[in-house]
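# Results of the structural survey
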Amino acid sequence: MNKHRMPFIIFFALLTAMLLIVSSVGAAPKDGPVVSLSTAQDKYGAGQDVLITVTISNPTQHSVRMLKWFTPSDGVEEPLFEVKVDGEPVSYTGAIYKRPAATGNDYITLKAGESVTYPVNLGDYYELAVSGQYEVSYKVASYILFSEKGNGFKSRDTLSSEPISIKVDGRTAKGKPTPTPTPPPGGNTLFKACTTAQQNTLNSARNQAKIYASDSENYLFGINSGTQRYLEWFGVFATSRHDTVKSHFTSLSDAWDNAVVTFNCGCKKPYYAYVYPNQPYNIYLCKVFWTATMTGTDSKAGTLIHEMSHFYVVASTDDYVYGQAGARELADKYPDDAIMNADNHEYFAENNPSLP
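The shown structure was predicted, so the numbers you read here are calculated from the model rather than taken from an experiment. (Residues numbered from 1 in each chain as written. Predicted model: local features only at pLDDT ≥ 70, side-chain atom pairs only at ≥ 80, totals over all residues. Heavy atoms only, no water.)

### Here's the deal with the environment of Ser91
Take Ser91: it is sitting in the loop between strand E6 (88-89) and strand E7 (96-98). Using a relative accessible area of 42% as the deciding quantity, one classes Ser91 as partly exposed. With residues near it in sequence (within four places) discarded, Ser91 still touches Tyr125, Tyr126 and Glu127. (Helix = DSSP H or I, 4+ residues; strand = E, 2+ residues; numbered from the N terminus. Buried < 20%, exposed > 50% of the residue type's maximum accessible area, 1.4 Å probe, protein only. Contact = heavy atoms within 4.5 Å.)

Spelled out as structure tokens, the structure:
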């Protein structure tokens, strides 16, 4: 090597390293909200509420927005936390909702430097039956977490916290499911807080949900490649995904035919409906449900398909997106998520507009 070039090479290498260090040190933090957890004590007895404080802060120089469904602003309405006991995952026992598509009114705004704090009783929403060391993190993800317009479905935006560790003595879970009675042939329908007119409507909706589930099951067993209808709601055809969706609709059809379903009409929230996924087969109907048509897009019968799919013993679906536009985009870009999204199951069953 030319000895006169050596000092230049060394100088260039040092300069490059210095630039990299400066670039790394000067990199701006994520331009959005941050979340942290705290607790007043590190051990909770079996008779004590496990109280967690959630603080969401805006460290930026501008206002930021966040979908309030993924905050405890109206109570916990999503599985906001990742909870483990001695390294093992803990089940979420709170409610899962079918909502209309998000609008700007569904977002909270934090001004520059502003923080909000929410108390959460963890035992109201997670199974804390086992005594042990619990690790709790705030961990949410959504395609529309920071804007109702989404991010072009590039990926799900996320917000998470550092974990906190607490020792918890096991306790009986709130909302622990009661044993499901053995269903009589043909199933049965029970009602709570429902008027006679509402009961008649729900009987009709259940009958139509049976038809939706059975027709969808038969359709899926009759195809072995991607049809227009399948591609629209579940994305590019793959045998493993097709088998998953078939199994979901077999379970849905069986549940509507045979399960003892309890409809509760007492919900006053501006949603369609909700369930506790570990409590089959109790379905809570909310305000928007009663304004929906019996069949068609976002119908009463379709809502029942959506909600039934959430139960762990049926299909254990999630709510990655709401609305037909979001469901189509999900199928197109993330078929693995589409086959686990409740609205995609509903829209496939409703098949409106009709696709072959």
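### Here's the deal with the side chain of Ser299
Tracing the backbone shows Ser299 in the loop between strand E16 (282-285) and helix H5 (300-310). The exposure class assigned to Ser299 is buried, which follows from its relative accessible area of 0%. One polar contact links Ser299 to Glu350, side chain to side chain, over a distance of 2.9 Å. When residues no more than four places from it in sequence are discounted, the contact partners of Ser299 are Tyr212, Ala292, Thr293, Met294, Glu346 and Glu350. (Polar contact = N/O pair within 3.5 Å; in protein donor to acceptor, adjacent residues only side chain to side chain.)

### Some thoughts on the sheet that holds strand E14 (residues 260-264)
One open sheet accounts for five strands, arranged E7-E15-E16-E14-E13; its pairing is mixed. Both edges of this open sheet fall to E7 and strand E13 (188-192), since each of them pairs with a single strand only. Across this sheet, the average inter-strand angle for adjacent strands is 25°, counted without regard to direction. Along the sheet, helix H2 (residues 196-221) contacts E13, E14 and E16; its crossing angle with E13, the most-contacted strand, is approximately 145°. The sheet strands contacting H5 are E7, E14, strand E15 (273-275) and E16, and the helix crosses E7 at an angle near 165°. (Pairing = 2+ DSSP bridges. Axes fitted to C-alpha atoms, helices over the stretch in contact; angles between N-to-C directions.)

### Re the packing of aromatic side chains
On inspection of all chains with the given rule, the structure shows 19 aromatic pairs. When the centroid spacing of 5.5 Å and the interplanar angle of 90° are considered together, the rings of Trp69 and Tyr322 count as edge-to-face. Taken together, the residues Trp69 in the loop between strand E4 (64-67) and strand E5 (81-85) and Tyr322 in the loop between H5 and helix H6 (324-333) connect sequence positions 253 residues apart. Residue Trp69 shares its accessibility class with Tyr322, and that shared class is buried. Summarising the aromatic geometry, the rings of Trp233 and Tyr347 are spaced 5.4 Å apart at their centres and angled 40° between planes, so their arrangement reads as tilted. Here the residue Trp233 occupies a position in helix H3 (residues 228-234), and Tyr347 occupies one in helix H8 (residues 342-350), the gap between them amounting to 114 residues. As far as burial versus exposure is concerned, Trp233 and Tyr347 are alike and both buried. Within the aromatic cluster, the residues linked to one another by ring pairs are Tyr219, Tyr230, Phe234, Phe237, Phe249 and Phe348. One Lys or Arg, Arg99, reaches over the ring of Tyr271 and ends 5.0 Å from the middle of that ring. In this structure, Arg229 is placed above the aromatic ring of Phe348, and the distance from its NZ or CZ to the ring centre is 4.2 Å. (Phe/Tyr/Trp six-rings, centres within 6.5 Å; stacked < 30°, edge-to-face > 60°. Lys NZ or Arg CZ within 6 Å of the ring centre and 35° of its normal.)

### Here we look at the pairing of E14
For E14, the tally of buried residues reaches five of five residues, placing the bulk of the element in the interior. Neither face of E14 is exposed, since Val260, Thr262 and Asn264 on one face and Val261 and Phe263 on the opposite face are all buried. The pairing of E13 with E14 spans five bridges and is parallel. By the bridge assignment for E14, Leu190 is matched with Thr262. When E14 meets E16, the two strands line up parallel, connected through three bridges. By the bridge assignment for E16, Thr262 is matched with Asn282.

### Digging into the nonpolar core
Ranked by size, the top nonpolar core spans 50 residues in total, and within it Ile56, Met66, Phe81, Leu122, Tyr126 and Tyr138 carry the most contacts. No other element matches the four residues that strand E10 (residues 132-142) contributes to this core. Non-local contacts of Ile56, meaning those with residues more than four positions away in its chain, are made with Pro33, Val34, Val35, Met66, Thr71, Leu110, Glu114, Ser115, Val116, Tyr118 and Tyr138. Of all hydrophobic cores here, the second largest spans 42 residues; its members include Val245, Trp256, Tyr281 and Phe289. (Core = buried A, V, L, I, M, F, W, Y, C linked by side-chain atoms within 4.5 Å.)

### Considerations on the sheet that holds strand E9 (residues 115-121)
Read across the open sheet, the three strands follow the order E1-E3-E9; overall the sheet is antiparallel. Two strands close off the open sheet at either side, each with one partner strand: strand E1 (34-38) and E9. Put simply, the sheet's adjacent strands are angled 20° from each other on average, direction ignored.

### Some remarks on unusual backbone geometry
Phi is mostly negative for residues that are not glycine, and the peptide bonds are mostly trans. Residue Pro280 is joined to Tyr281 through a cis peptide bond whose omega torsion reads 0°. Structurally, the position occupied by Tyr281 is in the loop between E15 and E16. Put simply, Asn352 and Pro353 share a cis peptide bond, and its omega is 5°. Along the chain, Pro353 falls in the segment after H8. You will see that Asp86, though not glycine, has its phi angle at about 50°, which is positive. Topologically, Asp86 is positioned in the loop between E5 and E6.

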